[in-house]
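Survey of secondary and tertiary structure
The chain contents come next:
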Number of protein chains: 2
Amino acid sequence: MKPIDFLRRQTLVQEKLSTQDIDLLMIPPSINFFYLFEGYMQLSERLICGVIDKKDDSLLIAPSFEKENMQIQTTFDDVITWKEDEDPYTILKQEISYEPRRIALEPSTPFEVFSRIKKQFPTSEFVNGNSILNELRMIKNDAEMERMVQAAEHTAEGILKTLELIHEGQTELEILKLAQKQMTLLSGEMSWALVQIDDNSAVPHGKPSNKKLKKDSVILIDAGTSCEHYFADITVTSVHGTASDEFKKVYSIVEEANNAALEKSKAGVPAEEVDFAARVIIENAGYGQYFTHRLGHGLGLQVHEEPYIVKGNKEPLVAGNVHTDEPGIYLPDKFGVRIEDDVLVKEKSKRLVEFDRYLWK
Amino acid sequence: MKPIDFLRRQTLVQEKLSTQDIDLLMIPPSINFFYLFEGYMQLSERLICGVIDKKDDSLLIAPSFEKENMQIQTTFDDVITWKEDEDPYTILKQEISYEPRRIALEPSTPFEVFSRIKKQFPTSEFVNGNSILNELRMIKNDAEMERMVQAAEHTAEGILKTLELIHEGQTELEILKLAQKQMTLLSGEMSWALVQIDDNSAVPHGKPSNKKLKKDSVILIDAGTSCEHYFADITVTSVHGTASDEFKKVYSIVEEANNAALEKSKAGVPAEEVDFAARVIIENAGYGQYFTHRLGHGLGLQVHEEPYIVKGNKEPLVAGNVHTDEPGIYLPDKFGVRIEDDVLVKEKSKRLVEFDRYLWK
C-alpha cells in the first residue's frame, strides 16, 4: 500500500492556520493526533501534546519517561519532556516563546486540559480546531482509499462468513463475538459489531443480549473492522431461514431507498439531499415514521465523522468524501431492517464493496 | 455484592454544588456519567448529557431514537429527546429555564461540546467539575471495595496462571493475549495487559513487540481486569528460569521500597511522603536515577485517577483511598523491575490482595 504522508498533513495544517489567522493548533492524544503525528495512543492524565505553529516547526511535549516511545511511535525526533514532579503546562508555555493571539484546540481536548492551557495563555483567544482538521480528514486521498476499501472488503466477508456459521440457539452476544473474530481473522485489527435478533432489531443501537436465534429469525449485524485504523461500517439484515411476506416487503423498500441515496450521492450535491432521496421513498411507502435516524455519516479514522448526511446539512459533498448509506425501517415489537453501505463520493459515487446480501429463502 | 447507590451519588453532588455555589453540573458520557447515572456508554458526536441541578431534579438529554436504551441503561425514567435534524444544544438551553451563574463541566467534556454549550449560556461562568467528582470518587465505600478486591484477586490469579503457562519462544504479544484471556476467564470483564521481556522491560510503558521469551528471561507483566468496571492494576516482574545475581539484588531493593511505601501509607499522611518513603530506599542503594516515575496513582473506575502519589502532592491520604504502590528500577539495555500492588488506605493501609511472587530459582 502507498505510505501515509504524515508530514504533508502537518504542512497542510500550517497553511490553514495562516489562512485563518490562527497562531497554533494544540493536539493532545486523539484520532487527530494519529492523523497528524502517526502515534496511536490513549489520552491519559499525563500531558502529551503536539503543537503545530503556523510559522515554526511542530513540537511535542511528553513525560520524560515516555521520550523513547514517542520517538518510535510519532514523527517527532525531538521531544520536550517534563518530569513527574514538574508542571507540564508551565514547560509548554516556556517553549512557546511568544504570546499567541489565537490558539486552536483539537476538538476532543478535555475541558480540564483546556482550562490548564488557558491559565498559561490568559490573553489568547481559544477556538475550535474542528474545521481545520475536518476539512482535511473529510477528503480521502488514494493512500487512504486503499485502506478503506480493504477494511470494507474484510468487513463484508466477515459478516457473510458469520451468517454462514450461525445456528439456532446461539445468542446475540455469542454471534457478536463470532462476527468480531471472523473480521479480525481477516484484518488483523480491532473489530466491533452489533447483533440484534427479531424484535430487538427494531431498536437501533440496542445493547446485545442473550436473546437466541430461532428458525426464521430476523438477524441484523452492524459491524466493522479496520485497516491501519481506517474503519468500515456495514449493516446486513438477513433471515435465518424463510422470510415473512412483511419482511420481504419492508426489505425491498429499504433496498430501494439505499439505491436511491447512492444514485443521488455525488460531488456538488448538498448532503441533506442524499438523506431526502432515501427518505421520500420510505415515506411514500407509508413507513416514514419508522425511519427514525439520519441516512448516514462520514467514515474514516472514526466510525462517525463528517460529513453527516442529515436534514439541515446543506454543505455540498466533495470528491473523496466517504459516507455511509444506511436507511432503515424499525417496526416496534416486530423487527427492523437496515441496509448499510460505505460510499465513496466521486463524479458518480460508488460503494466501497459490493456483495450479495440475499441469504434467505 | 452490595448494590451501588447511584441516586445517593447524585444527591451528594447536589450538596457539593450548593456548598460551592455552582448551579449545575453537566456530564456527557464518560466514566463520571457511569458513576452518577449507571449508563456505561461511549461519547459520540450525538449529544447525550446528564445535568445535575443544585435545586432541581436531574435531567438527561439524548437522541430520540436512543430513548428506550437510555431508560434501560441509566437511572433516568424521563429523557428529554432531540431529533436528528434538531439542535440538541438549543433544546438543552430551553430545558434549563433560568440563567445559571456558574456551570461546572465534567472534566473530560470535549472542547467542542463545551464551545457549543457556552454559545447557549453566554453569560454563565464555566468551571471544572473535577474537584466535585474526584472528592467523591476518591473515597471508596464498602460496595466499591468489594468490587475492587475481587478485581485485584482475579488480576493476581490471572497473572500467576499466565506465568505458569508460558514457554520459551512465545512473544510479548502472544503472552499479552494469554494474560488477558486468563484474567477475563476469571472476571468475565475486559482485561488489559503490558508484557515486556528482557531489555524491553527497562522501558516503562513500552509497546509490546514480537520479542521472544528465552531461558532465564526477565518478564514483566503489568495487567488488570475489572469487576463491574472497577479496575485492578498489578505488576509482577519474574524470571523464566534462574535469576542473575544482579536481578536478585535489584529485585530486593524494589521489594524493600514497595514495603516501605505500604508502611508509610495511611490516613492523614501527605501523598508525596509515600513516594519519598520508597524513593529514599532506591536512592540510598545507588539506583535513584533509574526510578524514573512517580510511586503510584489512585485506582477505581479508571486505572489512573486521584490521588496521585507523587512529589508535590501534599494532600493527605484519606481512609477509603485506593492507590497503587509501584516502585521500579529500569537499567537501560539490561532489564527493569517493577513491583506493583493496589493499596487500600486505612488507619493502617493494606494490600487488596497478597500473593507469592517468587516464581524463579
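Residues numbered from 1 in each chain as written. Chains lettered and ligands numbered in written order. Predicted model: local features only at pLDDT ≥ 70, side-chain atom pairs only at ≥ 80, totals over all residues. Heavy atoms only, no water.

1. Some thoughts on helix H9 (residues 245–264) of chain A
The α-helix advances 3.6 residues per turn, and as a result positions three or four apart in sequence lie on the same side. An ideal rise of 1.5 Å per residue puts 28 Å on 20 residues; H9(A) measures up with 29 Å between its terminal C-alpha atoms. Buried residues of H9(A): A:Phe247, A:Val250, A:Tyr251, A:Ile253, A:Val254, A:Ala257, A:Asn258, A:Ala260, A:Ala261 and A:Leu262, and no others. (Helix = DSSP H or I, 4+ residues; strand = E, 2+ residues; numbered from the N terminus. Expected span 1.5 Å × (residues − 1). Buried < 20%, exposed > 50% of the residue type's maximum accessible area, 1.4 Å probe, protein only.)

2. Some thoughts on the nonpolar core
B:Val13, B:Leu25, B:Leu36, B:Ile175, B:Ile219, B:Ile221 and B:Ile234 are the most contacted members of the largest nonpolar core, which totals 62 residues. It is helix H7 (residues 142–165) of chain B that provides the largest number of residues to this core, a total of eight residues. Taken domain by domain, the makeup of this core includes at least three residues from each of domain 1 (6–137) and domain 2 (142–351) of chain B. Counting residues in each nonpolar core, the second largest holds 58 residues, with A:Ile159, A:Leu163, A:Tyr230 and A:Leu299 among its members. (Core = buried A, V, L, I, M, F, W, Y, C linked by side-chain atoms within 4.5 Å. Domains from an automatic or database assignment.)

3. Examining the relation of the copies chain A and chain B
Put simply, the second copy of the chain is the first one after a rotation about an axis and a shift along it. At an RMSD of 0.0 Å, chain A and chain B line up after a rotation of 180° and a shift of 0.0 Å along the axis. Those values place the two copies in the arrangement expected of a two-fold rotation axis. Distance from the rotation axis, computed per C-alpha, reaches its smallest value in chain A at A:Pro110: 2.4 Å. Here 100% of the contact residues of chain A are again contact residues in chain B; the copies associate through an equivalent surface. (Least-squares fit on C-alpha atoms with pLDDT ≥ 70 in both. Contact = heavy atoms within 4.5 Å.)

4. Focus on the sheet that holds strand S3 (residues 59–63) of chain A
All names here are of chain A. On the basis of which strands lie adjacent, the open sheet formed by six strands has the order S4-S3-S2-S1-S5-S6 and mixed pairing. The sheet is open, and its two edges are formed by strand S4 (80–82) and strand S6 (125–128), each paired on a single side. Each strand axis lies, on average, 25° off the axis of its neighbour in the sheet, ignoring direction. Here S3 runs beside S4; their pairing, made up of three bridges, is parallel. (Pairing = 2+ DSSP bridges. Axes fitted to C-alpha atoms, helices over the stretch in contact; angles between N-to-C directions.)

5. Focus on the sheet that holds strand S2 (residues 49–53) of chain B
Residues and elements named next belong to chain B. A sheet is described by the order of its strands in space; here six strands give the open sequence S4-S3-S2-S1-S5-S6, paired in mixed fashion. A strand with exactly one partner marks an edge of an open sheet, and here the two such strands are strand S4 (80–82) and strand S6 (125–128). Here the strands of the sheet are splayed against their neighbours by 25° on average, with no regard to which way each runs. In this structure, strand S1 (residues 24–27) lies alongside strand S5 (residues 102–105), joined through three bridges in parallel fashion. The residue of S5 that forms the bridge with Leu24 is Ile103. Contacts from helix H5 (residues 111–120) reach S1, S5 and S6 within the one sheet, and its direction differs from that of S6 by about 150°.

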